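# Chain and residue survey
The residues making up each chain are set out below.
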Amino acid sequence: MHATLNHYLVVSVLLFSLGLFGVLARRNLLVIYMGLELMLNAANLALVAFSRYNANLNGQVMVFFTITVAAAEVSVGLALIVALYRKRQTAHVEDLTSLKL
Amino acid sequence: MELVVTNAVASVGPAYSSRPEDIGWFILALPLFASLAIALFLHRNRTLTLFFSVGGVVAAFLLSWVLFFTFGVTGLKAVPSPFPWFHAGGLNVNLGLAVDGLSTVMLLVVTGVSALVQFYSTAYMRDDRGFARFFASLSFFTFSMLGIVLSDNLVMMFVFWELVGFSSYLLIGFWFEREAAADAAKKAFLTNRLGDFGFLLGIILVWSLTGNVQFDELAAKLKADPNALGVWSSVVGLLIFCGAMGKSAQFPLHVWLPDAMEGPTPVSALIHAATMVAAGVYLLCRAFFLFQATTAWPAALAFLGSISALDIIAVIGGGTALLAALIAIQQNDIKRILAYSTLSQLGYMVMAVGVGGPDAAMYHLTTHAGFKALLFLGAGSVIHACHHEQDIWKMGGLGRKLPVTFRTFVIGTAALAGFPLFTSGFYSKDAILVASVRHGHPILFGLGVLIASMTTFYMVRLVIVAFLGRSRSSSAEHAHESPIQMTWPLVVLAIPSIGLAWLPLGQYLTEHFFGSRVAVEEGGLFGPFNHAPLAATFGTGAIIFGAWAAIATYWNAESDPLPRSLAFWSRVLRNRFYFDEIYEALFIPIQDGLAAVCGWVDRWVMSGLLVRGVHGTTELAGRALRMVQTGNLQTYTFLFVGGVALIILIAL
Amino acid sequence: MLTTLLLLPFAGALAVLLIPANYRVILRLVALITTAVTALQAISVFSAMQPGISGFQLVEQAAWIPSAGFNYHVGVDGLNIGLTLLTSLVAFAAVCISWDIEKQTKLYYLCLLLITGGAMGAFLSLDLFFLYFFNEVALVPTFLMMGIWGRGEQKFYATYQMALYLTLGAMLALVGLAMLYSASGANTLDVVTLSAWLGQHPLSASSQRLLFPLFLFGFGTLVGLWPFHSWAAPGYAAAPPATAMLHAGVLKKVGLYALIRVALPLMPDGVRTWMPVLAVLCLGNILYCGWLALRQRDLALLLGNSSLAHMGFCFLGLASVSVTGITGVVVILVAHGLLAAANYALLGHVVRATGTSSLDKLGGLLRPMPVVGFFVVLAFMAGCGMPGFANFPGELGVLFGAWDRLPLVVIFAAWGGLLIGGVYMLRAIRSLLHGPVRAGLESASDAGSGIALYWRSLPYAVLLVPLIFFGISPDTLVRRIEPAVIPIVKSASASTPPTVDSKTPSLTSISPR
């Protein structure tokens, strides 16, 4: 059996759904963050698969951009979470509702 | 839409050549200049205040003589160079003067009485802390009054009309700390405003019908075409008369004049005897050509038929005269008696205009200005001597203590009553009676005779009670004659009260109004008895009867016998037919009620329901939407994802 | 010349910005000198302008965004010449009466000069984009001043209410301007070009009828057109005197000025449809607000409502669409500006001297303060339409001009002006000045004595002397105004050609792109 585009896409959708579930269901900010990374990589996987399928490099170029930006984002995001934890002694989203009036 | 721009602006404007009629500008400017100089710079210096104030009006008086002999006597008319005032669209108004027979006579009256009143006030107001303010206001009043006299168009007339209202407001309310004075000033101003409302509408109507507000041009237009005002002619007449009704205190706007006696007595003499109240009569004479237009009513008023505006004016004038004479009989305040007598005489003049005798009205206006100013200044002298006692029943026996005042007062009384042959009042009153007979108003003639008799009655009552008999209070006991500055104006005013009768003033005025009629009239001392024996005889009879009745009732009376014998009527008269009470109950609640309704609407509907309503709903909506903001990150994410899914679903 | 006049207040504002905040005296002097020089410049502009000529004079132009058709274009004609003079005089008087401000002096004078510059710019600009822009430049500091230096418990509510009303009005007008810009197809908001263009390619009647109310109610709200008047009286009562002077006296006039400048000449069909409505609404101002004034026991609210009643005469003049009437309106704009400023300046003095503006707590003030009392009597008399003050010829022109079209309205308006106006003004004088002195007010401070007297009287004199001058000689204004009004009335009463050109852009062609 040869792996077709559809197989890659199914895996990508599964990964994305797992990530989304993590973002929605988990309460710890770090875990939510991991969920986000999963969703990002699901998108990357789909992009690479499309690139291959269309036989050009556009998708792969996009993935490199995504990875670079994601790296920067992760570092900023983790720094924020650490700072928040230091300030509030918690990383649970139920405790961080001060945006509400 | 009229877009034609007249080039009137270019053609007017002062030409810098000296012409005798331009003196008119100086006459007008002198009192204004005096008033401004006092108000702005001189109010600390009494001597300079007096110098400017009295000097200004005396100079104006002398210049008025020049104008009178140059233009009045010769019958010439002149228009001093006008200044452009408001030229836009179809409205062309100049600041212009009219110098002719009518205005020059009136100029002499106004400046003459003003000058004497100012002299008199130098003593009367000596100790008042508002000395400078008084003279500034007095000069300003003279200026506005001269403006009315000299105006050559309706709009300017209205301008000075209002200014006279303002300056009389200042003078009546001169002692502003007294509640009564402040209220009287307000009342006078507002009652006058009510008349001015009609006057203004009349001016606008005249302008819209003829496109003109100049007296001479309007007169020429109406002469050429008596139907120029169309169906509105009588309405125009009545609206213009509204103005006169306010200033000359005709029924039903007469209520302010008696209250205006709260002002200082010289003010009463100047404003409420000689000048301001005469302005209404002067207006009627000045605009008499408007009333000569064909009588016509718009459809809604067609039931009035052939009754002309003049007829209505005559009835109102006669009614006011009767009403005021009745009230005067039962007043006890010396100034109020004179005030009601003024009202009554003004009604007489208005009646004269109404029966078609503006010359007789102007004649009586001129003589009345002299002897009524004399009477008021005499009353002022009495009040001054009795330490501000104004009740005649607390005087008595003043004749011996104030000889000059007494003698001049008697001369004034005789003139007001119309004592035959020797007083100016006799001739001018006779002219009015003659006019009413000649123009076919027998009822008004009878009314005139009746009022003449009542006038004599209340004036003789005043003289007997205040000056004869014995003193009834300590202040009357210790009265002594006023200083010379106050007595000599009385003497000066007594001269025209007698002497005016011997000048051909009546003929002069008749000539001004009706051209050549003068030839028919026969002047001279016994003239009235020769050319109109009926009027003169009835008039004389009325005086004799009135005087006899008063002497019979009041000689040696200690108190007024009438309240006992005529209880009900006396009470009604004392309370001035309850006009003030009726107005207070009727008109003020309406205006205040409307104001209350608007206040309620604004508070509860405008700012309550609407503004607060919009404010409230916006805030409620905000509160509702705030519920959605849980602050929970995952709720937001869930909604976000749901939204994305929804959009994708729709897009697919 | 006009650019100098426009830039002077802004230059002053810049100077104030650069001076350290604790140099109070220097700040005050800079503001005083700036406004004094502005006033002198405005007077020289006034005398440099030739009367009797129609069209703009002393025009100065510069390209700004030529592609969008927005250009710097200033000039004067009869409509705005008096208003520029008014602006500079009121600004000078406002600085004079603000001498005692201790709180945040620097910001205060900065705001004051910005309002002055904004108002000046709004009147001078012939490009409607700049007119709108400068109006907003002036409005923002107005609200700031109300919030910071205002008085009374209701201060913030009044400020919010005023800000919201005025912003909403301005938004409506902005929408109107934007639609006019795109519907005309002239690619410009320059008054001169636009009116020439619309003279050739008039807007369709239907789009005029839609556009006109946007201007009428948008700019009308800025002036306090009934029933959008609720902001005015409480707003001015809460504002500090200088702000009330500048807004009621000057800034408010931008709305009416823009109506005469834009709405009347460019949309004759809109005029025909909407002027009867305006004729009714103006009675709302004259009678309703007059009665409201009658009702007030607070001098500040009384003056606010009386000012609204005066605006009613302006609307009546607009509704008359006659040369006499609109000339009268422009005279009233100047006269009422001076008067309103004088009123609020005097009110400011009374409040400072006695601590209250409630008529129930005041009385007999003519004795302790004769000089201020004298000015109050003058100002209140001007307020009830006394001849000798410039309000009178203006109102007279309006009444005469409106008679032919709206006789019934004129009757009611004359009643409102002569009677209702007389009653509330005289009641105010009666309660404030006449009668015995209230206990505790025997030594209420007057304008001062000696040299201070002249200095303290200066602001009132600066406002009332021109008011009386223009009252005695309204011709000085009228012969400048009339030539500017004639073409406006001509195009306002022009009828649209019956065959509507199919290429004429109509409102339906307006789309987001």
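Along every chain, residues carry numbers that run from 1 in the direction the sequence is written. Each chain takes a letter, starting from A, and each ligand takes a number, starting from 1, following the order in which they are written. Residues qualify for local features only when their pLDDT is at least 70, as the model is predicted, and side-chain atom pairs are given and counted only at 80 or more; totals for whole chains, interfaces and linings, by contrast, use all residues.

Counting 434 residues, the largest nonpolar core has B:V281, B:A373, C:A93, C:M245, C:L259 and C:L463 as the members making the most contacts within it. By definition, any uninterrupted DSSP run of H or I lasting at least four residues is a helix, any uninterrupted run of E lasting at least two residues is a strand, and each is numbered from the N terminus. Per-element accounting of this core gives the leading share, 19 residues, to helix α14 (residues 323-354) of chain C. Distance between backbone-placed C-beta atoms decides contact: two residues are in contact if it is within 7 Å. Dropping the residues within four chain positions of it, C:L259 is found in contact with C:F215, C:L216, C:F219, C:L264 and C:L318. What we call a nonpolar core is a set of buried Ala, Val, Leu, Ile, Met, Phe, Trp, Tyr and Cys residues whose membership is set by joining through C-beta atoms within 7 Å. Each residue is classed by its C-beta neighbour count within 10 Å, where at least 20 other C-beta atoms makes it buried, 12 or fewer makes it exposed, and intermediate counts make it partly exposed; the C-beta atoms are placed from backbone geometry.

The next thing to look at is unusual backbone geometry. That bond from B:F251 to B:P252 is cis: its omega, 5°, falls within 30 degrees of zero. Mapped onto the elements, B:P252 comes out in the loop between α9 (233-247) and α10 (256-259). Cis rather than trans, the peptide bond between C:W226 and C:P227 has omega equal to 5°. Assignment of secondary structure puts C:P227 in the loop between α8 (205-223) and α9 (232-238). With phi around 60°, A:Q89 is a residue other than glycine that occupies positive phi space. Tracing the backbone through its elements, the reader meets A:Q89 in the segment after α3 (58-88). Overall, the presence of 8 C-beta atoms within 10 Å leaves A:Q89 in the exposed class. For C:L58, which is not glycine, the phi dihedral falls at a positive 55°. C-beta crowding within 10 Å serves as the criterion here: with 18 such atoms nearby, C:L58 is assigned to the partly exposed category.

Below, the discussion takes up the pairing of strand β2 (residues 91-95) of chain B. Residue and element names in this part refer to chain B. Taking burial as the measure, the five residues of β2 include five buried ones, the bulk of the element. A two-sided burial pattern is seen for β2, the buried positions comprising L91, V93 and L95 on one face and N92 and N94 on the other. One requirement defines pairing of two strands: DSSP has to find at least two bridges between them. The pairing of strand β1 (residues 83-88) with β2 spans five bridges and is classified as antiparallel. Along β2, the bridge assignment pairs P84 with N94.

The extent of an interface is frequently quoted as the accessible surface area lost upon association of the parts. Between chain B and chain A, the residue contacts involve ten residues of the former and ten residues of the latter. The biggest single contributor to the side of chain B that touches chain A is helix α29 (residues 633-651) of chain B, with five residues. Three classes are used, and their members are as follows: Ala, Val, Leu, Ile, Met, Phe, Trp, Tyr, Cys and Pro are nonpolar, Asp, Glu, Lys and Arg are charged, and the others, Gly among them, are polar. Residues belonging to the side of chain B that touches chain A are distributed by class as follows: three nonpolar, six polar and one charged.

It is worth spelling out the pairing of β1(B) at this point. Regular strands have side chains that alternate between both faces of the sheet. Where burial is concerned, most of β1(B) is hidden: five out of the six residues are buried. A loop of two residues connects β1(B) with β2(B), the two strands running antiparallel in sequence, and B:G89 in this loop sits at a positive phi of about 60°.

That is the geometry; function is a separate question.
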